[in-house]
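What follows is the residue order along each chain.
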Amino acid sequence: MIESLFINRRSLLSGAAALAAGTALGGTAALARPRRRPLGIQLYTLMNLLDADFEGTIAKVAGMGYREVETLGSFGKDPAFVREVFDRHGLVSPSQHIMPPGLYEVFDDGVAGRIDRTTFERKFIEAFNFNHVESLIDACAKQAGPLGQKYIVWQISWPSQLKSLNQIKTLIAALNRAATAAHDRGFQLAYHNHDQEFTKVGNDVPYDLILKGTDPSKLKFELDLAWATKAGVDPVAYFKRYPGRFKMVHMKDVAADGSVRDPGTGLVDFRRVIPAAERAGVEHFFVEYDVPTDPLRTAAQAHRYLAPLM
């Protein structure tokens, strides 16, 4: 959602002053790109706090200056209630990661370490059963509608699902069916990557096969900058190769050892990535940090660093 621009006498005067200053400095300020996109946050970043105090945490997110949020389904709650909380605090939610009823509790247990990784992965794969993607999308649409969301995001393909070309072809077929199901219900399916999609299977990169094998009008992509960078991939190269396919970005940073970092403290060159993403058609930019030690500090620091770049 693009914030409205209001022109009044004060803004005109300040704009004229900025133009004069920019001219004096060689035109740099005068040619500065206007802020066009609000910075959002994937609320997974604050998951534990949301479980303890949902509305209080949402109020703090809004107080930091965020105006868009991406959800995990409806967090196991009534989506109408979640929408009411967002509305009270001036937040809009354009997107959700698939989290049908019952899976949020599994995700919560996995993040908290109450179940082992093998069980966590097995239950996720069962929920994303390729034979029943239409019912999966239907369940998500019932959450996304009340939340006012446009995008439903297929958030993970596990390494065990990407070991062979036959497996990848099966995934692509399921994604095409899921994308059609979302389209038929008035939503847009998107695909979120991790680093495993960039590990070659023979001479092929699974992520490239997914891009080429899916319907461009029905499946869009949410590029996670940290996971792509960890895999040695240049996000800007993908934006250039596939304009119009990428509609969302996870603004996450990563260190040389592959661990997640606060934006601006790792390897991702956000000053280069953001303009390239906008040129490629990206509409939404969400901060995300996987299980930070201090979620509120991380969210606030990310906003302070990234908002001026937007």
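Throughout what follows, the structure given in this document is the object of discussion. The shown structure was predicted, so the numbers you read here are calculated from the model rather than taken from an experiment.

**What to know about the overall build of the protein chain**
Then, in step 1: The secondary structure content of the protein chain amounts to 13 helices and ten strands.
Then, in step 2: Across the 310 residues in the protein chain, those meeting the buried criterion constitute 51%.
Then, in step 3: Considering only contacts within the protein chain whose residues lie at least 6 apart along the sequence, 78% involve residues at least 24 apart.

**Observations regarding the sheet that holds strand β4 (residues 151–154)**
Then, in step 1: Taken together, eight strands build a closed barrel; the order of strands is β1-β2-β3-β4-β5-β6-β7-β10 and the barrel is parallel. When strand polarity is set aside, the average angle formed by the axes of neighbouring strands in this sheet is 30°.
Then, in step 2: Of the strand pairs in this sheet, strand β1 (residues 39–42) and strand β2 (residues 68–72) are connected by three bridges, and their pairing is parallel. Looking at the pairing, Gln42 lines up with Glu70 of β2.
Then, in step 3: Of the strands in this sheet, β4, β5 (188–192) and β6 (219–224) touch helix α8 (residues 165–184), which is tilted by about 145° from β5.

**Describing unusual backbone geometry**
Then, in step 1: Residues other than glycine seldom take positive phi values, yet Phe75 does so here, at roughly 60°.
Then, in step 2: Position of Phe75 relative to the elements: it lies in the loop between β2 and α4 (79–88).

**Section: the pattern of salt bridges**
Then, in step 1: Taken as a whole, this structure holds 15 salt bridges when the rule is applied.
Then, in step 2: Of the charged contacts in the structure, one is a salt bridge between Asp138 and Arg185, with a shortest N-O distance of 3.1 Å. Residue Asp138 is found in helix α7 (residues 133–147), and its partner Arg185 is found in the loop between α8 and β5; the two are separated by 47 residues along the sequence.
Then, in step 3: Classification of Asp138 as partly exposed rests on a relative accessible area of 28%.
Then, in step 4: A salt bridge links Lys247 to Glu283; the shortest N-O distance between them is 3.9 Å. Highlighted residues: Lys247 in strand β7 (residues 246–251) and Glu283 in the loop between α12 (270–280) and β10 (284–287), separated in sequence by 36 residues.

**Focus on the pairing of β7**
Then, in step 1: In terms of burial, β7 is largely enclosed, as six of its six residues are buried.
Then, in step 2: Examined bridge by bridge, β6 and β7 share four bridges and lie parallel to one another. Within the sheet, the bridge partner assigned to Leu223 lies in β7 and is Val249.
Then, in step 3: Summarising the sheet, β7 and β10 pair through four bridges and their orientation is parallel. Bridging across to β10, Met251 finds its partner in Val287.

**Section: the nonpolar core**
Then, in step 1: If you look at the biggest cluster of nonpolar residues, it comprises 90 residues, and the most contacted ones within it are Leu43, Phe86, Trp154, Tyr207, Phe239, Phe246 and Met251.
Then, in step 2: Element by element, the count of residues in this core is highest for α8, at nine residues.
Then, in step 3: Filtering out sequence-adjacent residues up to four positions away, Leu43 remains in contact with Leu50, Ile58, Val61, Val69, Glu70, Phe75 and Phe86.
Then, in step 4: Formed by five residues, the second largest nonpolar core is a distinct cluster that contains Tyr151, Val153, Met248 and Phe286.

**Digging into the environment of Thr180**
Then, in step 1: Turning to its location among the elements, Thr180 is positioned in helix α8.
Then, in step 2: Of the residues examined, Thr180 reaches a relative accessible area of 27% and is grouped as partly exposed.
Then, in step 3: Counting along the chain gives 37 residues from Thr180 to Ser217, while the straight-line C-alpha distance between them is 9.7 Å.

**What to know about the packing of aromatic side chains**
Then, in step 1: Applying the stated criterion to the full structure yields 21 aromatic pairs.
Then, in step 2: A ring pair is formed by Phe54 and Phe81, whose centres lie 6.0 Å apart and whose planes are at 40°; its orientation type is tilted. With Phe54 in helix α3 (residues 54–64) and Phe81 in helix α4, this pair connects stretches of sequence that are 27 residues apart.
Then, in step 3: Pairwise contacts between aromatic rings join Tyr44, Phe107, Phe120, Phe124, Phe128, Phe130, Trp154 and Trp158 into one cluster.
Then, in step 4: A cation over an aromatic ring shows up here: Arg241 above the ring of Tyr238, its NZ or CZ 5.0 Å from the ring centre.

**Observations regarding the packing of α8 against helix α9 (residues 206–213)**
Then, in step 1: One way to put it is that α8 packs onto α9 with a least axis distance of 10 Å and a crossing angle of 40°. Looking at the two axes, α8 sits oblique to α9. Classified by chirality, the crossing of α9 by α8 is right-handed. Contacts from Leu165, Ile168, Leu171, Ile172, Leu175 and Asn176 in α8 reach Pro206, Leu209, Ile210 and Gly213 in α9.

Rules used throughout
Residues numbered from 1 in each chain as written. Predicted model: local features only at pLDDT ≥ 70, side-chain atom pairs only at ≥ 80, totals over all residues. Heavy atoms only, no water. Helix = DSSP H or I, 4+ residues; strand = E, 2+ residues; numbered from the N terminus. Buried < 20%, exposed > 50% of the residue type's maximum accessible area, 1.4 Å probe, protein only. Contact = heavy atoms within 4.5 Å. Pairing = 2+ DSSP bridges. Axes fitted to C-alpha atoms, helices over the stretch in contact; angles between N-to-C directions. Salt bridge = Lys/Arg side-chain N within 4 Å of Asp/Glu carboxyl O. Core = buried A, V, L, I, M, F, W, Y, C linked by side-chain atoms within 4.5 Å. Phe/Tyr/Trp six-rings, centres within 6.5 Å; stacked < 30°, edge-to-face > 60°. Lys NZ or Arg CZ within 6 Å of the ring centre and 35° of its normal. Parallel < 35°, antiparallel > 145°, perpendicular 65-115°, else oblique. Left-handed = near helix turned anticlockwise from the far one by under 90°.

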